[in-house]
Amino acid sequence: SDLAGNDAIYSEIFFTTDEAPDTEPPRIVLPPTVTIKTNATATIEWTTDEESNSQIRYGTQSSVWNNYPLTRSDAAMVTLHTLTLTNLTGNTTYFFRAGSTDASGNGPAPSSEVVFVTLPDPDITAPRFTSPPTVTAKTNNSATIAWTTDEPGNSQVQYGDNSASWGSYDSAEN
């Protein structure tokens, strides 16, 4: 009331307080796993407990989060994270950690280090002769021909009564 005795009239006011600020980084609930691997790529997946971005830090030596020389990231806010590392070297050991930061800027809380080896580069070179084809034994109706190559492979001998180009001989033996 005021000095003259007039009472103030009020009505009820309803309100909701703001949520407590998010101060926790995303927690990795399914650890990072290499799901697909080739000689030049590796796809890595992990799951967090809240929507957050995706980041992989990696290299060819074991390291802590901030010291890996290479990074791959995606700003999309997701809980199932998938990143593909590219331009990797075949038959090489790589080390990485995954981390995510939420929309409030919390994080990353990096994963434990994971190690994988890329597949070898494909063999695109034909075997080379290390000793030439040589007749090692013969009879009136057979011949044994031997040679060596620099790597295992299958073999075929083509033959006939006359000289011919490869694929044009009368007979072939595997």
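Worth saying up front: this structure is predicted, and the values here are computed from it rather than measured.

Q: Please clarify how the pattern of salt bridges should be interpreted in this entry.
A: Note on pairing: side chains with opposite charge can pair once their charged atoms come close. Considering all chains together, one arrives at two salt bridges under this definition. Put simply, R27 and D49 hold a salt bridge, and the shortest N to O gap is 3.8 Å. Taken together, the residues span a long stretch of sequence, with R27 in the segment before β1 (28–37) and D49 in strand β2 (residues 42–59) at a distance of 22 residues. The exposed category is assigned to R27, whose relative accessible area is 52%. With relative accessibility at 42%, the residue D49 sits in the partly exposed group. With its nearest N and O atoms 3.1 Å apart, the salt bridge here joins R128 to D150. One end of the pair, R128, is in the loop between β5 (114–117) and β6 (129–138); the other, D150, is in the loop between β7 (143–149) and β8 (157–159), with 22 residues separating them in the sequence.

Q: Would you mind showing me how to read the nonpolar core here?
A: What tends to happen in soluble globular proteins is that the nonpolar side chains get buried as a cluster. Among the nonpolar cores identified, the biggest contains 12 residues, and these are A42, I44, W46, I56, Y58, L83, L85, L88, Y94, F96, A98 and F116. Secondary structure elements with two or more residues in this core: β2, β3 (70–85) and β4 (93–99). Ranked by residue count, the leading element in this core is β2, at five residues. Apart from residues no more than four positions distant in its own chain, I56 is found in contact with I44, W46, L70, T71, R72, L83, L85, F96, R97 and A98.

Q: Even after reading the chapter, I still don't get unusual backbone geometry, so can you show me in this structure?
A: Comment: phi is negative for the bulk of residues other than glycine, and the bulk of peptide bonds are trans. Going from G107 to P108, the amide bond is cis rather than trans, its omega being -5°. Turning to its location among the elements, P108 is positioned in the loop between β4 and β5. The backbone of N87 sits at a positive phi, close to 60°, despite the residue not being glycine. Given a relative accessible area of 74%, N87 falls into the exposed group. At N91, a residue that is not glycine, the phi angle is positive and equals roughly 55°. Positionally, N91 belongs in the loop between β3 and β4.

Thresholds, definitions, all that
- Residues numbered from 1 in each chain as written.
- Predicted model: local features only at pLDDT ≥ 70, side-chain atom pairs only at ≥ 80, totals over all residues.
- Heavy atoms only, no water.
- Salt bridge = Lys/Arg side-chain N within 4 Å of Asp/Glu carboxyl O.
- Helix = DSSP H or I, 4+ residues; strand = E, 2+ residues; numbered from the N terminus.
- Buried < 20%, exposed > 50% of the residue type's maximum accessible area, 1.4 Å probe, protein only.
- Core = buried A, V, L, I, M, F, W, Y, C linked by side-chain atoms within 4.5 Å.
- Contact = heavy atoms within 4.5 Å.

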